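Results of the structural survey
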Number of protein chains: 2
Amino acid sequence: MAVAFSKRMELLKASEIREILKITQREEMISFAGGLPAPELFPIEEMKRISVAVLEEAGKEALQYSTTEGFEPLREKISKRMNQKFKTNVSLNNIIITCGSQQALDLSGKIFLDEGDIVLCESPTYLAAISAFKAYQCQFIEVPTDSDGMITSELEEIIEKTERIKLIYVIPDFQNPTGKTWSIKRRQEFMKIISKYEIPVIEDNPYGELRFEGDFPPSLQSMDNKGLVIFTSTFSKTFCPAMRIGWIAAAPEFIRKYVLVKQGADLCTSLKSQMEISKFIDLYNFDEHVKRLVALYRKRRDVMVKALEENLPQGTEFTRPQGGLFLWVELPRHINASELLKECLRNNVAFVPGESFFPNGGGINTLRLNYSNMPEKVIRKGIESLSKVIYKFLM
Amino acid sequence: MAVAFSKRMELLKASEIREILKITQREEMISFAGGLPAPELFPIEEMKRISVAVLEEAGKEALQYSTTEGFEPLREKISKRMNQKFKTNVSLNNIIITCGSQQALDLSGKIFLDEGDIVLCESPTYLAAISAFKAYQCQFIEVPTDSDGMITSELEEIIEKTERIKLIYVIPDFQNPTGKTWSIKRRQEFMKIISKYEIPVIEDNPYGELRFEGDFPPSLQSMDNKGLVIFTSTFSKTFCPAMRIGWIAAAPEFIRKYVLVKQGADLCTSLKSQMEISKFIDLYNFDEHVKRLVALYRKRRDVMVKALEENLPQGTEFTRPQGGLFLWVELPRHINASELLKECLRNNVAFVPGESFFPNGGGINTLRLNYSNMPEKVIRKGIESLSKVIYKFLM
């Protein structure tokens, strides 16, 4: 008898891209690769005050084990904020706190997926959702997606002819990786289909509050009258990633299952971190804080879009997101973005090749660019370098 | 098509005990149920200083996303401390930081276990390890255990006649729930068998540093020359639970797998929390801090043992642990500890019935008592009440 890993480990290979991107930590590198918030706007001074306040007011409680569901006052605040921003109708009993919204995806896989089950997703979709679900040995069917979101006629056709669809995973607001937002009409059509076929939906919404222009569209969950939509979000983008505070908002029947699996996964999320965010919301104006982020990211998006317009060769398309962290570039068909990346890294520019976002392969000529993490001057310089390399590949 | 959960969810039922124990949060309740550290010794003042120091010195970095492996200086400190205390021979490359040691168990299930695989464990064993592994649809075989630890002749017999043993899970130091510590001889015999059959072992060691008397025995990992022992521990008991900082120390081949599955599970552990513990170790004397815990818990163990000796009826046995948080009581065979609990709760005393610690059932007449969380006077009072109820059940 020798060491044998589980079968799922054959599906989970170390990402070649991740290895390549390790070198993006070099000082001189301009990285459009990660999904990192701007550290300039981390509320460091405020954090100092709230850390001390939480320890002084509730240190013994804050540092102890806590409930798996999470800190009630924070769950209350989250539910109110969701109802206000995303037109949902949830209370604290619909909320479980998770270790970032990534844990929400992992726990969802655990709750819903057996080997061979089918997950429907947008094409392309979020890289780390693919790896979270793949660990439960599911298959993915990518539903064709246009600038209005998932194409609902195609969705219905797939549902009609496919067995064992257990979950539909979507990111309707400022999608990762494309930056696209679903139209209201598409949301309505989508929810009509969901209501008809009664399939659980994960509405992943980490970026929705980072809207640069236009009104908030209603969330899918706000149009759900059957309790099928599981909404997940996080404070990683609106506050800071190191808090590792995300959440799931769903029907109590689902929440009970999430509590069960979270107990086995990590017992509870840090009460101290939950109290800190709750205290921040008490002491400061969260809306104002988000406004500052939006203003900065809007500017950076503008700079990147302008630089792309001025520098990219003809035949190269890109999205112009109304919010979020990413935009998406489609190169002429014969250019391989992974090869392009290697050359770009030699020129100190990094991005993520789009291929990683297609669970069943494809998208060789696409790439994702992040605009939230780099200052404007650096964005301009980086896009110039990137464009030069693309020109080289055109020849 | 209606909502269908994964098959594993049928195995994961909400614990009846957990529901019962919810009422232990009542103010007047004397709870020996949880595994909670003493909040009186949480380093609250020190935490205030280190939180501010980390934010001032490295705020932008501390609040950002970080590597899945964890903060290198902390991994370095952990490896040195392990080598000193547990006679291991590890470096930072053997360490991955986890969200408490509970996550180490969940990730281990993910890496090793397919449906129907066998996990060997002590009988009884840690409740939440059972639920972590069960989520991967394994079966448990409990290896008979005496006061020296797992009975190695029985272990070898089971290994010889059993297919698909993927993992052996043990807690050799101050076991949860029994408080027992394996003898050195038993450790040697165990590792001889492991080396012969080459089965991965999880050596779960959250309590090892909380030793009240006697020398530290060598860890299983220190006797392992084939890289089969995966050591896990946590700062939850020696620092505080809300940091949610645990770790795995293992061969790099295993660590690479853990990194892969942790990426999908939660991306990374809070860098801020990791930096805070690292800073605590820099600014304060961690050994002195542990000494204070040990002094307090030793006293509380003494008080509980004395109270049990004075109050328990004849025919009731209990362990006298040399460290850790728990002791284990065996009642006369005809007493059902779950029934006893109901009556105890009416008298404002709580414990965990032992049955929960036997993955395949049994141990109806056993119970686990925690002595770390309650002050001495309260321990005395609680044991007196408990004993009175036991007397009632004897009649």
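Residues numbered from 1 in each chain as written. Chains lettered and ligands numbered in written order. Predicted model: local features only at pLDDT ≥ 70, side-chain atom pairs only at ≥ 80, totals over all residues.

1. Observations concerning the relation of the copies chain A and chain B
Here chain A sits on chain B after a turn of 180° about the axis and a move of 0.0 Å along it, with an RMSD of 0.0 Å. Within this description, the copies of the chain are treated as partners about a two-fold rotation axis. No C-alpha of chain A approaches the rotation axis more nearly than that of serine 51 of chain A, which lies at 3.4 Å. By residue overlap, the copies meet face to face through one surface: 98% of the interface positions of chain A are interface positions in chain B. (Least-squares fit on C-alpha atoms with pLDDT ≥ 70 in both. Contact = placed C-beta atoms within 7 Å.)

2. Examining the sheet that holds strand 15 (residues 366-370) of chain A
All names here are of chain A. One open sheet holds the four strands; their spatial order is 11-12-15-14, and the pairing between them is antiparallel. Looking at which strands have only one partner, the edges of the open sheet turn out to be strand 11 (317-318) and strand 14 (352-353). Where strand 14 meets strand 15, two bridges bridge the pair, whose relative direction is antiparallel. Following the sheet pairing, proline 353 is matched in strand 15 by leucine 367. (Pairing = 2+ DSSP bridges. Helix = DSSP H or I, 4+ residues; strand = E, 2+ residues; numbered from the N terminus.)

3. Quick look at the pairing of strand 8 (residues 201-204) of chain B
Residue and element names in this part refer to chain B. Residues Val201 and Glu203 point to one face of strand 8 and Ile202 and Asp204 to the other, with burial holding for every one of them. Across four bridges, strand 8 lies against strand 9 (residues 229-234) in parallel orientation. Along strand 9, the bridge assignment pairs valine 201 with valine 229. (Buried ≥ 20, exposed ≤ 12 C-beta atoms within 10 Å, placed from the backbone.)

4. Some points on the environment of serine 15 of chain A
If you trace the backbone, serine 15 of chain A turns up in the loop between helix 1 (8-11) and helix 2 (16-21). As for serine 15 of chain A and leucine 327 of chain A, which are separated by 312 residues in sequence, their C-alpha atoms are 22 Å apart.

5. Here's the deal with the sheet that holds strand 15 (residues 366-370) of chain B
Taken in spatial order, the four strands make up an open sheet running 11-12-15-14 (chain B), and their pairing is antiparallel. Unpaired on one side and paired on the other, strand 11 (317-318) and strand 14 (352-353) of chain B mark the two borders of the sheet.

6. A closer look at the domain arrangement of chain A
Quoted interface sizes are often the accessible area lost when the parts come together. Residue and element names in this part refer to chain A. Domains assigned within chain A are domain 1 (14-43 + 288-394) and domain 2 (44-283). Put simply, the middle of domain 1 and the middle of domain 2, counted by C-alpha atoms, are 25 Å apart. In this complex, domain 1 contributes 27 residues to the contact, which on the side of domain 2 involves 30 residues. When contributions to the side of domain 1 that touches domain 2 are tallied by element, the ones reaching two or more residues are helix 11 (286-311) and strand 12 (326-330). The greatest single-element share of the side of domain 1 that touches domain 2, amounting to six residues, is contributed by helix 11. In the side of domain 1 that touches domain 2, the residues fall into 15 nonpolar, nine polar and three charged. (Domains from an automatic or database assignment. Nonpolar A, V, L, I, M, F, W, Y, C, P; charged D, E, K, R; others polar.)

7. Quick notes on the pairing of strand 4 (residues 139-143) of chain A
Inspection of the sheet shows strand 3 (residues 118-122) of chain A paired to strand 4 of chain A by five bridges, in the parallel sense. Its bridge partner being in strand 4 of chain A, cysteine 121 of chain A is matched across the sheet by glutamate 142 of chain A.

8. As for the interface of chain A and chain B
With 64 residues of chain A in contact, the opposing surface of chain B contributes 63 residues. By residue number, the principal contributor to the side of chain A that touches chain B is helix 3 (residues 44-62) of chain A, which donates nine residues. Per-class residue counts for the side of chain A that touches chain B are 38 nonpolar, twelve polar and 14 charged.

9. Quick look at the nonpolar core
Counting 152 residues, the largest nonpolar core has Val201 of chain A together with Val201 of chain B as the members making the most contacts within it. Beyond its immediate stretch of four places on either side in the chain, valine 201 of chain A contacts Ile168, Val170, Ile194, Leu220, Leu228, Val229 and Ile230 of chain A. (Core = buried A, V, L, I, M, F, W, Y, C linked by C-beta atoms within 7 Å.)

10. Re the packing of helix 12 (residues 337-346) of chain A against helix 13 (residues 376-394) of chain A
All names here are of chain A. Look at helix 12 against helix 13: their axes get within 10 Å of each other, and the N-to-C directions meet at 130°. Considering the angle they form, helix 12 stands oblique to helix 13. Every pair of crossing elements has a handedness; the one defined by helix 12 and helix 13 is right-handed. Listed contacts from helix 13 to Leu340, Glu343 and Cys344 of helix 12 are Leu386, Val389, Ile390 and Phe393. Among the residues forming the contact of helix 12 with helix 13, the class breakdown is six nonpolar, no polar and one charged. (Axes fitted to C-alpha atoms, helices over the stretch in contact; angles between N-to-C directions. Parallel < 35°, antiparallel > 145°, perpendicular 65-115°, else oblique. Left-handed = near helix turned anticlockwise from the far one by under 90°.)

11. Focus on the packing of helix 5 (residues 100-112) of chain A against helix 9 (residues 252-266) of chain A
Residues and elements named next belong to chain A. At their nearest, the axes of helix 5 and helix 9 sit 10 Å apart, and the two run at 110° to each other. Accordingly, the angle class assigned to the pair helix 5 and helix 9 is roughly perpendicular. For helix 5 against helix 9, the interelement crossing comes out right-handed. Contacts between helix 5 and helix 9 involve Leu107, Lys110 and Ile111 from the former and Lys257, Tyr258, Val261, Lys262 and Ala265 from the latter. Looking at side-chain class alone, the contact of helix 5 with helix 9 contains five nonpolar, no polar and three charged residues.

12. Observations concerning the environment of serine 233 of chain B
Residues and elements named next belong to chain B. Along the chain, serine 233 turns up in strand 9. Residue classification places serine 233 among the buried positions, given that 28 C-beta atoms sit within 10 Å. Along the chain, serine 233 and proline 206 lie 27 residues apart, while their C-alpha atoms are 4.6 Å from each other. Beyond its immediate chain neighbours, meaning those up to four positions away, serine 233 contacts Ser101, Asn205, Pro206, Gly246 and Trp247.

13. Examining the confidence of the model for chain A
Averaged over every residue, the pLDDT of chain A is 96; the share at 70 or more is 99%. Predicted complex, confidence summary: ipTM 0.96, pTM 0.97. (pLDDT = per-residue confidence, 0-100.)

14. Re helix 10 (residues 271-283) of chain B
Side chains three or four residues apart in an α-helix point the same way, a direct result of the helix having 3.6 residues per turn. Residue and element names in this part refer to chain B. The terminal C-alpha atoms of helix 10, which comprises 13 residues, lie 18 Å apart, in line with the 18 Å expected from a rise of 1.5 Å per residue. Among the 13 residues of helix 10, eleven are classified as buried, and the element is accordingly described as predominantly covered. Listed as buried for helix 10 are Leu271, Lys272, Ser273, Gln274, Met275, Glu276, Ile277, Ser278, Lys279, Phe280 and Ile281. The inward-facing, buried residues of helix 10 abut helix 3 (44-62), helix 4 (72-86), strand 2 (95-98) and helix 11 (286-311). (Expected span 1.5 Å × (residues − 1).)

15. Considering unusual backbone geometry
Residue and element names in this part refer to chain B. The omega torsion across serine 123 and proline 124 is 0°, close enough to zero to call that bond cis. Tracing the backbone through its elements, the reader meets proline 124 in the loop between strand 3 (118-122) and helix 6 (127-134). For the bond from asparagine 176 to proline 177, the omega torsion is 20°, close enough to zero to count as cis. By the secondary structure assignment, proline 177 is in the loop between strand 7 (165-170) and helix 8 (184-197).

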